[in-house]
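# Results of the structural survey
One letter stands for each residue in the lines below.
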Amino acid sequence: MVRVKICGITNLDDALAAIECGADALGFVFAKSPRRVTPALAKEICGMLPPFISKVGVFVDEEANSVDEIAKKCGLDTLQFHGSEDPAYLQSFKGAYKVIKAFRVPKDFEPDAIKGYDVDGILLDTYAEGKAGGSGRVFDWDIAVKVKDATRIPLILSGGLDGGNIERAIKEVSPFAVDVSSGVEVAPGKKEKDKMKEFIRAAKGR
């Protein structure tokens, strides 16, 4: 069964609602974004979560020491990187955390771009000029299939997913997991429970 991450969590109510709807992981954005949270707020939210929920920190070209400090403070178990981080940088976190490397996918994206990355997951998101993620647009899923076929690293599909296209996305790509943010929101950083419920139901085939 596909795993579901609800990203861009900014408050406890949304976090608990996402879990109630069946989310496997919650994402907290520490980079420049309308959904950015402070480490203090993320720590408060994470401290109120039940067990067996993965807590994911999203970073963009952050200093390694800062990432580690935030991760320890908030009790994160997974780190997701959306910048220009190279394999050596990511390797420094292996063992202490699960590591996900995100790639923005333009029309000419080649699977060879992921070579050399020894990570726990590859996340593919839509390329949008000037944005590290959260574009709300889909990309060519044929590229995702090619990437999945080219590596044994678990594939996480993101970019413009919502309750209307998630079943087709899973059917066409068969990813390990899916990652959604704007597709289950009423406003940036504010989730809607009914949208999360429908998305997760469709993603998991319930």
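So, here is what we can say about the structure in this document.

About the criteria used
- Residues numbered from 1 in each chain as written.
- Predicted model: local features only at pLDDT ≥ 70, side-chain atom pairs only at ≥ 80, totals over all residues.
- Heavy atoms only, no water.
- Helix = DSSP H or I, 4+ residues; strand = E, 2+ residues; numbered from the N terminus.
- Buried < 20%, exposed > 50% of the residue type's maximum accessible area, 1.4 Å probe, protein only.
- Pairing = 2+ DSSP bridges.
- Polar contact = N/O pair within 3.5 Å; in protein donor to acceptor, adjacent residues only side chain to side chain.
- Contact = heavy atoms within 4.5 Å.
- Salt bridge = Lys/Arg side-chain N within 4 Å of Asp/Glu carboxyl O.
- Expected span 1.5 Å × (residues − 1).
- Phe/Tyr/Trp six-rings, centres within 6.5 Å; stacked < 30°, edge-to-face > 60°.
- Lys NZ or Arg CZ within 6 Å of the ring centre and 35° of its normal.
- Axes fitted to C-alpha atoms, helices over the stretch in contact; angles between N-to-C directions.

Unlike most non-glycine residues, Phe52 shows phi in positive territory, near 70°. For Phe52, the location among the structural elements is in the loop between α2 (39-46) and β3 (54-59). The backbone phi angle of Asp61 is positive, close to 50°, even though this residue is not glycine. In this fold, Asp61 is placed in the loop between β3 and α3 (64-74).

For strand β6 (residues 121-126), the buried fraction is high: six of the six residues fall into the buried class. In β6, alternate side chains face the same way, and those of Gly121, Leu123 and Asp125 on one face and Ile122, Leu124 and Thr126 on the other are all buried. As paired strands, strand β5 (residues 98-105) and β6 are joined by six bridges and run parallel to one another. Following the sheet pairing, Lys101 is matched in β6 by Ile122. With three bridges joining them, β6 and strand β7 (residues 155-157) adopt parallel strand pairing. Within β7, the position partnered with Leu123 by the bridge is Ile156.

The side-chain alternation of strand β4 (residues 78-81) yields two buried faces, one formed by Thr78 and Gln80 and the other by Leu79 and Phe81. In terms of strand pairing, β3 meets β4 through four bridges, oriented parallel. The residue of β4 that forms the bridge with Val58 is Gln80. Bridging between β4 and β5 involves four bridges; their strand directions are parallel. Considered in β5, the bridge of Phe81 is made with Lys101.

A word on the side chain of Glu85. You can see Glu85 is positioned in the loop between β4 and α4 (87-91). Of the polar contacts made by the side chain of Glu85, one reaches the backbone nitrogen of Asp61; its length is 2.8 Å. Once you skip the residues sitting within four places of it in the chain, Glu85 turns out to touch Phe59, Val60, Asp61, Leu90, Lys101 and Tyr117.

All right, on to the pattern of salt bridges then. On inspection of all chains with the given rule, the structure shows 12 salt bridges. As a salt-bridge pair, Lys191 and Glu185 come within 2.7 Å of each other at their nearest N and O atoms. Residue classification places Lys191 among the buried positions, given a relative accessible area of 4%. Linked by salt bridges that have partners in common, Arg35, Glu185 and Lys191 make up one network.

Moving on to the environment of Gly189. With respect to the element layout, Gly189 can be found in the loop between β9 (185-187) and β10 (190-191). Here Gly189 falls in the buried class, since its relative accessible area comes to 6%. In sequence terms Gly189 and Ala202 are 13 residues apart; their C-alpha atoms lie 22 Å from each other. In contact with Gly189, other than residues within four places in its own chain, are Gly8, Thr10, Asn11, Asp14 and Arg35.

On to helix α7 (residues 193-204). Spanning 12 residues, α7 covers 16 Å between terminal C-alpha atoms, matching the ideal 16 Å at 1.5 Å per step. Listing the buried residues of α7 in full gives Met196, Phe199, Ile200, Ala202, Ala203 and Lys204. Buried residues belonging to α7 abut β1 (3-6), α1 (12-21), α6 (166-173), β8 (177-180) and β10. Immediately beyond the C-terminal end of α7, within one or two residues, lies Gly205, with a positive phi of roughly 70°.

Before going further, it helps to examine the packing of aromatic side chains. In the structure shown here, the tally under the stated rule is seven aromatic pairs. Each member of the aromatic cluster is reached from another via a ring pair, and the members are Phe30, Phe59, Phe81, Tyr89 and Phe93. Directly above the ring of Phe103 sits Lys101, whose terminal nitrogen or CZ lies 4.8 Å from the centroid.

Right, let's talk about the sheet that holds strand β2 (residues 25-29) for a bit. Pairing between the strands of a sheet is mediated by backbone hydrogen bonds and can be parallel or antiparallel. Strand order around the closed barrel formed by eight strands is β1-β2-β3-β4-β5-β6-β7-β8, with parallel pairing between neighbours. Taking the axes of each pair of neighbouring strands and ignoring which way they run, one obtains an average angle of 25° across the sheet.

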